[in-house]
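This is what each chain is made of:
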Amino acid sequence: MPRNIRNGNFRGRGGRNHGGDRQFYDSAAKHENDDRVERGGGGDWNDRTRNDRNMTDVKRRVSFKPFSGGRGKGRINENQIRAHINDDDEAMGGDTFDGDLRVRMNNRKFYRQNRSGSPIPRGAAKGVNIRKKISPSNTSWYEVKIPYGQKYERDFILRSIQHAISPQMFIPLYYKTTDTCALFFVEDFKAAEAIQKADRTIDTPDGRRLILQVRNNHPVSTVNEQLKARMKQAMVKRYNSHTKSLNLEKFHADPDLSDIFCALFRPQIILAAIDIIAEHIPELEALNLNDNKLYMLDHLKSMAVKIPHLKVLYLAKNRIPYVNTLDSIKNLKLVELNLEENPLRQRYDDNTVYVSEVRKRFPKVIKLDNIDLPPPISFDIPEDDLKLPIAKASFLCDGGGADLVRQFLEQYFMLYDSDNRQPLLEAYHEHAMFSLTVNTYHQNNQQKLGVYVSGNRNLKHKTDLESRCRSLKQGRLQIVSHLSGLPPTKHDLQSFAVDLTLFTPQMMQLTVTGVFKERKNNSNIVPLRSFQRSLVIVPSHGGFCIRNETVHINNATRLQEEKCFKQTDSNTMAAAAPIVSTGMVPVSILPDDNTKLQMIQALAVQTGMNAEWSKRCLEETNWDYPRAEFAFSELHKQNRIPPEAFLKH
């Protein structure tokens, strides 16, 4: 092809034809197409694609695969081909062929990639450099890479960048060159962003544009013995032996470490630093870690063991996000802590809440963020004394009440487990008060304990005064009437645990817990319940009665179910002996002679027995008047009382 038509521009069906005729264009296109068919290449040429293909010494052939029925993602629209080629035709109008050829090749590459699913945005202008934006990071380190930067002097590159981003300043760190590029690091997001915007805006002496590639990255260094030696050397001059303090503020910027990257936010570096401290200065009491870009403190957890005497810790100007991050070091016995200029501080508008959250982790801190705090409220109890006492089955504040408590509980639960609870009237004071609560927290508990819910006086649910008063039983008649409406029961006396917390001649206060089962249940499953009864007992008519009682009922736990009712049931209360098996010697409290005489007379009037048999009944029941009444009632039903007991002398 003659070279004198190299710069000619051809267009087909567009109406313009510069530097050539239509016949030549059609002939050349047909010849090229025939040549491709002979070589086995498929596809037809558009008659407009031959405007500049034969204008160079090197033949450039372009072929498109024929349409095969629509499968595949690489189909190309004919209008796109025409527009693409027309743009290339116009690009050949200049004199700088090499530069235009590079632009055309870039354009073709762009349009080949600009398809459905392409990462390059549709509609982007040709020749626009699409950069991946950088974002602020926890460490705020950024790598600046300059391809072919090794060809230019360092001063020229840095001076040119500074001029391009002025008035923004930057400090290049760890500058180095390789066979293909130059690179350095900055630790300022605004400076890194400005350098990225200066990409391809700086002219070089050889006519090129300086490429500046910026990304989130920090320098890399290997932790080895050589690095540890350098760290140790830098730490020696930062240690104050008089105050036992070590200042590692902005450690990576230490002049002795200017040629290596030694940032404490890197886990390997901070762990190496802690090991050096533990080996050489284990008596350290104060440590300054300000301005080291720390954002996770998990790797500081070992300080509680390796630096046990540490009392002062500075963590200001770091990137600690939440107060919960401090949980990793909460085992440190700190008295002073500095967290200024950390993101966690900005989360608290109320300084009182902030101080409270910090003191939850460090209760002995008296100085926070350079501000003295009021002394913490605590008890100076030696750690050896903080151990809980050994658990006991029962607790009795006075051993003298052991026998009395046992007798009272024997009689009460014998009556409660009987088919008739009316005799319990004598067990309650005339003005007694009774309250029942049921655990309905767990799912289905309300259904399982439904028979008790009607009398439930849970104050969480009874919010109004009227319902609270209505569910409170007052007087012996209301109490026994309510108890008689509850299911018949059988208590496991071996499961009882008794706590006698108050024992005086005027009043006793005790709590009893245990397990019982419901009798005469319609279903085959026998429900097992756990209970807790708190009783206030006072003397009455020569005996004792309940003045106030609160009862709480819940379903038995699995452990209670496994252990309860292992011994044979008996109608006697002898099995109740373990209730007070605490090793204390029981002491009986008996009424005086005058009281005994009154009790004999009262029992004789009530039962119709003569004084002799009334006295005998009281003596056999240890002068327990309610028990004597019950014994008489049971024996009289069975016709076991002889006639002479009713003879009057």
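Preceding this paragraph is the structure being described.
A few points on the structure. All values reported here derive from a predicted model rather than from experimental measurement.

## A short note on the environment of aspartate 275
Within the fold, aspartate 275 resides in helix 7 (residues 267-280). Note on aspartate 275: relative accessible area 34%, which makes it partly exposed. Separated by 32 residues in sequence, aspartate 275 and isoleucine 307 have C-alpha atoms that sit 9.5 Å apart.

## Details of the sheet that holds strand 15 (residues 428-438)
What the 7 strands build is an open sheet, ordered 14-17-18-19-20-15-16; its pairing is mixed. Edge positions in the sheet fall to strand 14 (395-396) and strand 16 (473-474), since each has one partner strand and no second. Both strand 17 (residues 489-503) and strand 18 (residues 508-518) contribute to a ladder of 10 bridges, which runs antiparallel. Within strand 18, the position partnered with leucine 500 by the bridge is leucine 510. Across the sheet, helix 10 (residues 402-416) touches strand 14, strand 15, strand 17, strand 18, strand 19 (528-540) and strand 20 (543-555), and the angle it forms with strand 17 is around 145 degrees.

## Considerations on the pattern of salt bridges
This model, assessed by the stated rule, comprises 20 salt bridges. The salt bridge involving aspartate 203 is made with arginine 209; its shortest N-O contact spans 2.5 Å. According to the relative accessible area criterion, aspartate 203 is exposed, its value standing at 51%. Salt bridges here are not isolated pairs; linked through shared partners, they connect Lys237, Arg238, Asp254 and Asp256.

## Observations concerning the packing of helix 6 (residues 225-236) against helix 7
Packed helices, taken two at a time, are described by the angle their axes make and the gap between the axes. Contact geometry for helix 6 and helix 7: axes closest at 10 Å, N-to-C directions at 60 degrees. Accordingly, the angle class assigned to the pair helix 6 and helix 7 is oblique. Here the hand of the crossing between helix 6 and helix 7 comes out right-handed. Of helix 7, the residues touching helix 6 (which contributes Leu227, Lys228, Met231, Lys232 and Met235) are Ile269, Ala272, Ala273, Ile276, Ile277 and His280. Among the residues making up the contact of helix 6 with helix 7, the classes are represented as 8 nonpolar, 1 polar and 2 charged.

## A look at helix 4 (residues 154-165)
For helix 4, with 12 residues, the first-to-last C-alpha span of 17 Å sits near the 16 Å given by 1.5 Å per residue. Residues of helix 4 that are buried: Phe156, Ile157, Leu158, Ser160, Ile161, Gln162 and Ile165. Close packing links the buried residues of helix 4 with strand 3 (142-147), strand 4 (173-177), strand 5 (181-186) and helix 5 (189-197).

## Thoughts on the side chain of glutamate 549
On the secondary structure map, glutamate 549 appears in strand 20. Looking at glutamate 549, its side chain comes within polar contact range of the side chain of tyrosine 428, at 2.5 Å. Here arginine 533 takes part through its side chain, which lies 2.3 Å from a polar atom of the side chain of glutamate 549.

## Notes on the packing of aromatic side chains
Between two aromatic rings, the relevant description is the distance of the centres plus the angle of the planes. In the structure shown here, the tally under the stated rule is 16 aromatic pairs. Look at tyrosine 175 and phenylalanine 184: their rings are 6.0 Å apart centre to centre, the planes differ by 15 degrees, and that puts the pair in the stacked class. Judged on exposure class, the residue tyrosine 175 and its partner phenylalanine 184 are both buried. Residues tyrosine 348 and tyrosine 354 carry aromatic rings whose centres are separated by 5.9 Å and whose planes lie at 45 degrees to one another, so their mutual orientation is tilted. Through a chain of ring-to-ring contacts, three or more aromatic side chains come together here, namely Tyr412, Phe413, Tyr416, Tyr428, Phe496, Phe516 and Phe531. The ring of tyrosine 416 carries arginine 421 above its face, with NZ or CZ at 4.0 Å from the centroid. Of note, lysine 517 hangs over the ring of phenylalanine 565, and the distance from its end group to the ring centre comes to 4.5 Å.

## Topic: the sheet that holds strand 12 (residues 367-368)
Strand order in the open sheet formed by 7 strands is 7-8-9-10-11-12-13, with mixed pairing between adjacent strands. The sheet terminates laterally at strand 7 (239-240) and strand 13 (371-372), the two strands that pair on one side only. Pairing of strand 10 (residues 312-314) with strand 11 (residues 336-338) involves 3 bridges; the strand directions are parallel. Bridge assignment links leucine 313 to a residue of strand 11, and that residue is leucine 337.

## What to know about helix 14 (residues 476-484)
Buried residues of helix 14: Ile479, Val480, His482 and Leu483, and no others. What you see down the axis of helix 14 is that its buried residues fit within an arc of 160 degrees, all on one side. Residues of helix 14 that are exposed and point over 90 degrees away from its buried face: Leu477 and Ser481.

Definitions and cut-offs
Residues numbered from 1 in each chain as written. Predicted model: local features only at pLDDT ≥ 70, side-chain atom pairs only at ≥ 80, totals over all residues. Heavy atoms only, no water. Helix = DSSP H or I, 4+ residues; strand = E, 2+ residues; numbered from the N terminus. Buried < 20%, exposed > 50% of the residue type's maximum accessible area, 1.4 Å probe, protein only. Pairing = 2+ DSSP bridges. Contact = heavy atoms within 4.5 Å. Axes fitted to C-alpha atoms, helices over the stretch in contact; angles between N-to-C directions. Salt bridge = Lys/Arg side-chain N within 4 Å of Asp/Glu carboxyl O. Parallel < 35°, antiparallel > 145°, perpendicular 65-115°, else oblique. Left-handed = near helix turned anticlockwise from the far one by under 90°. Nonpolar A, V, L, I, M, F, W, Y, C, P; charged D, E, K, R; others polar. Expected span 1.5 Å × (residues − 1). Polar contact = N/O pair within 3.5 Å; in protein donor to acceptor, adjacent residues only side chain to side chain. Phe/Tyr/Trp six-rings, centres within 6.5 Å; stacked < 30°, edge-to-face > 60°. Lys NZ or Arg CZ within 6 Å of the ring centre and 35° of its normal. Arc of directions from axis to C-beta.

None of this, on its own, says anything about what the molecule does.
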